[in-house]
Each structure stands twice: as C-alpha cells, then as structure tokens.
Amino acid sequence: MQNAQLVYLQTIEGLLEDNEVEKALNALLELDQQTQAGIRQDVIMQSGNFKEANKMFQRGMISFEEFGRISARTRYGLLELMKEVPRRVERDAKIRSLGAFQFDVPDEARLEKIIGPQNNLLRINWLEKALRASKAVCRVVCADGELGTGFLTQEGYLFTNNHVIPSVDIARDARVEFNYEVDTSGKTKSRSTYRLDPSDWITSPPDQFDFTRIRVVDDPANPLSQWGAVEFDPSAIPTVGEPVTIIQHPQGEDKHIALNANDVLSVWNQHLYYTADTEPGSSGAPVFNKDWKVVAIHHAGKTDAEGGLQINERGDKRGANRGILFQSIFQFIESGK
C-alpha cells in the first residue's frame, strides 16, 4: 500500500512538473478518496483559485505573466500539501486502530497543535504593520451628509468610491478626516481635516470600477505626510479561503477593523468577494491582504436575507461583501479612459 501510494504521489509530482495542474488536482482528489488523507478541502481551495485565474486569462483579463505566477503558486501549494499525505494517512490509520480503546490524555501532556488546514500563527509585528496601515485610512465627509471611507497614497491622492464622491461639485465641498479614532481609555482622538482638489481627479461609475481618485490639499501647519500611505500590490490577490482585512469607518463612526470571519469566497472578473463585515459608511475602505498590501477597494455587499451576491460565473449566490480589484482599477487609469 505504501509503495503504491509513493508511486501515485510521484506521478502527481510529474504532472505538476509538466504544468498539468488540472490533471494533478483531479489525481489528488482521487488519492484523498482512496486514502482518506483529509486533503480534499485544501485541494478544492487551490482548484477554485487556479480555475478562476484560467478563465480570466482565457478572456484576456489577466496577462500571461500573472497567470504564470498564479499557476506557479498553485503548483507550489500542491507540492507542499503532498508532503503531508503520508504522515496524515499513517496518523489516521493509527487513530482508527485505537478506536476500540478508551483512555484519558493527561493534562500535563500539553499537546499543542496547529488546528485546521493552515497555520494561523502570526508574528507580533503584524499588529504594528496594521497600526501603520490604519493611519492612512480616513473618514470622507460630504456637504450633503454622505459619509464614507478613504485612504491615502504615497503621491498624496485619496481613493474612495465613486458613489461616495461622484462629481467635481461634491468633491469641491467635501473634506477628509484623519485620526478619527478612540484611544485605549475610550476617548476620541483629535482629528485632522483636509480639503480636496477637484482639478486633479479621475473616477469610474459604480457599474464599472466604482472608484474616485482625487488629490488631497496639504496643510503646511498640519502636514499630510504624518499619516503615511498605504502600500499596493495589485498582483498579490488572496486565494479562496485566505483572509482579507478591512479598516473602515462603519456608519461614519470612529475607525474600526474587520479582523475576524474574513475569508475570500471567490475572485471573479474585477471583483473580490469576501465575508469580512462592513456597514454603510465603509464604502471606499481599503481591502488588505495578509501582508498589509492593498489589493481592492470595498464598495458593496448583500446578506443572504437580501438575496446575496452572485460570486462566480456559475451563478452561485452568497451573502458576501465585494471589492474592486486594483489590478483592474490601475489598468483603467493607465488606459486614460
């Protein structure tokens, strides 16, 4: 049995070396069914991400180089997963052989383990990076009472949604507020307010990319640079099942963070779908990947009770929130349309 399993794994490894990713995925699912190795969910997650990327490539929505990077990440992830198969099969066989016995594990055994399909341990500096990224997130306040969220770039631009700032006239009377936060004692911090420069802006309506980029007017007495800037990595799109984090001003309140229950559900066309919580006022918030790089701008969502959002070409619907990928937004900006 072990020799047959080894040969099968070597065959799959050969498929991956030949870039036959779909055949390797199917073979791994068959292997899991035969051995009960417990890798099915991991394989399905990798498969969904790869197939979605393949569709986008076939439609010309991503470049050959980007598809190559996604394919390489998939192959690497599957090769790492395959290393676990013999250990998992052996472990589960031992557990089944102990099924007839009843015994207590002593408290002093301290069997600390990674629980679940992936390691969720993070270095503590992850929190420091979160706080640094959060400084560049601000509240958008329009003269008509519309509230939203925005974030600052290194070039001094604000990004928010088009449905928050849809026109030059609204931009002219709007303001942005940084540092609208609550400190550890529960007191609201002192805010810094800035005007916008409607002469330097670009936008796209909600049914396309739903973003507005506009210059923030600096104040020498209260420099804009103190708030830092977000970092972008448009190509580092999280895979299905990976977490995303959204820093936002829900309901126009002080700054919040969606840190839990925030898995990616799918990537489809220019959209990223996820379970991270938002509320009205969160529109225009940055969507960060696990490395605190901005990959999308949040703009919409529907609960299951509201009918959910369509999250893939098959027509599946889920209660989900949705962001616009910066990979598509930057392509739009560069095209000058």
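Residues numbered from 1 in each chain as written. Predicted model: local features only at pLDDT ≥ 70, side-chain atom pairs only at ≥ 80, totals over all residues. Heavy atoms only, no water.

Engineer: Even after reading the chapter, I still don't get the nonpolar core, so can you show me in this structure?
Structural biologist: Nonpolar side chains in soluble globular proteins tend to end up buried together. Leu-158, Val-176 and Ile-329 are the most contacted members of the largest nonpolar core, which has 38 residues in total. Of the residues forming this core, the biggest block, 4 residues, is contributed by helix α7 (residues 326–335). Excluding residues that lie within four positions of it along the chain, Ile-329 makes contacts with Phe-159, Phe-209, Phe-211, Ile-297 and Ile-324. Counting 36 residues, the second largest nonpolar core, distinct from the first, contains Leu-9, Ile-39, Phe-67 and Val-85. (Core = buried A, V, L, I, M, F, W, Y, C linked by side-chain atoms within 4.5 Å. Buried < 20%, exposed > 50% of the residue type's maximum accessible area, 1.4 Å probe, protein only. Helix = DSSP H or I, 4+ residues; strand = E, 2+ residues; numbered from the N terminus. Contact = heavy atoms within 4.5 Å.)

Engineer: Hey, could you run me through a negative patch on the surface in this one?
Structural biologist: Together, Glu-13, Glu-17, Asp-18 and Glu-20 make up a negatively charged patch on the protein surface. In this fold, Glu-13 is placed in helix α1 (residues 2–17). Looking at Glu-13, the relative accessible area reads 35%, which means it is partly exposed. (Patch = residues over 30% accessible without salt bridge, like charges linked within 9 Å, V, L, I, M, F, W, Y side chains within 5 Å. Areas by Shrake-Rupley, 256 points an atom, 1.4 Å probe, with all protein chains shown as cover. Salt bridge = Lys/Arg side-chain N within 4 Å of Asp/Glu carboxyl O. Lys, Arg positive; Asp, Glu negative; His and termini not counted. Charge placed at Lys NZ, Arg CZ, Asp CG, Glu CD.)

Engineer: Would you take a moment to explain the environment of Leu-127 for this structure?
Structural biologist: With respect to the helices, strands and loops of the structure, Leu-127 is situated in helix α5 (residues 125–134). It is 10.0 Å that separates the C-alpha atoms of Leu-127 and Trp-292, two residues lying 165 residues apart in sequence.

Engineer: Please explain the environment of Ser-282 as it appears in this structure.
Structural biologist: Structurally, the position occupied by Ser-282 is in the loop between β10 (271–274) and β11 (286–288). Distance from Ser-282 to His-249, taken between C-alpha atoms, is 5.3 Å for residues 33 residues apart in sequence. Contacts of Ser-282, omitting those with residues within four sequence positions, involve Thr-149, Gln-248, His-249, Pro-250 and His-298.

Engineer: Could you clarify how one ought to interpret empty space enclosed by the protein in this entry?
Structural biologist: Rolled over the atoms, a probe with the dimensions of a water molecule shows which regions are left empty. Applying the stated criterion across every chain, the model contains 1 cavity of 30 Å³ or more. Put simply, the largest cavity is a space of about 100 Å³. Lining the largest cavity we find Asn-49, Glu-52, Ala-53, Met-56, Ile-62, Glu-66, Ile-70, Arg-73, Ile-237, Val-267 and Gln-327. When residues of the lining of the largest cavity are assigned to their parent elements, the largest contribution, 4 residues, is made by helix α3 (residues 40–58). Counted by class, the lining of the largest cavity contains 6 nonpolar, 2 polar and 3 charged residues. (1 Å grid on protein atoms, 1.4 Å probe; cavity = no way out; pocket = protein on both sides within 12 Å on 5 of 7 lines; lining within 4 Å. Points joined across faces, edges and corners; volume = space filled by probe spheres on them. Nonpolar A, V, L, I, M, F, W, Y, C, P; charged D, E, K, R; others polar.)

Engineer: I would appreciate a short explanation of the sheet that holds strand β8 (residues 256–258) in the present structure.
Structural biologist: A sheet is described by the order of its strands in space; here 7 strands give the open sequence β8-β7-β11-β12-β15-β10-β9, paired in antiparallel fashion. A strand with exactly one partner marks an edge of an open sheet, and here the two such strands are β8 and β9 (264–268). Between one strand axis and the next, the sheet turns through 30° on average, direction left out of account. Bridging between β11 and strand β12 (residues 294–302) involves 3 bridges; their strand directions are antiparallel. Residue pairing for β12: Phe-288 is matched across the bridge by Val-294. (Pairing = 2+ DSSP bridges. Axes fitted to C-alpha atoms, helices over the stretch in contact; angles between N-to-C directions.)

Engineer: So what exactly am I meant to see when it comes to the packing of aromatic side chains here?
Structural biologist: Aromatic rings considered in pairs are described by the distance between their centres and by the relative angle of their planes. According to the stated counting rule, one finds 16 aromatic pairs in the structure shown. Look at Trp-126 and Trp-292: their rings are 5.0 Å apart centre to centre, the planes differ by 50°, and that puts the pair in the tilted class. You can see Trp-126 sitting in helix α5 and its partner Trp-292 sitting in the loop between β11 and β12, a full 166 residues away along the chain. The same class applies to Trp-126 and to Trp-292, which are both buried. With a centroid separation of 5.3 Å and 50° between ring planes, the pair formed by Phe-209 and Phe-332 is classed as tilted. (Phe/Tyr/Trp six-rings, centres within 6.5 Å; stacked < 30°, edge-to-face > 60°.)

In short, the description is geometric, and any link to function would need to be established separately.
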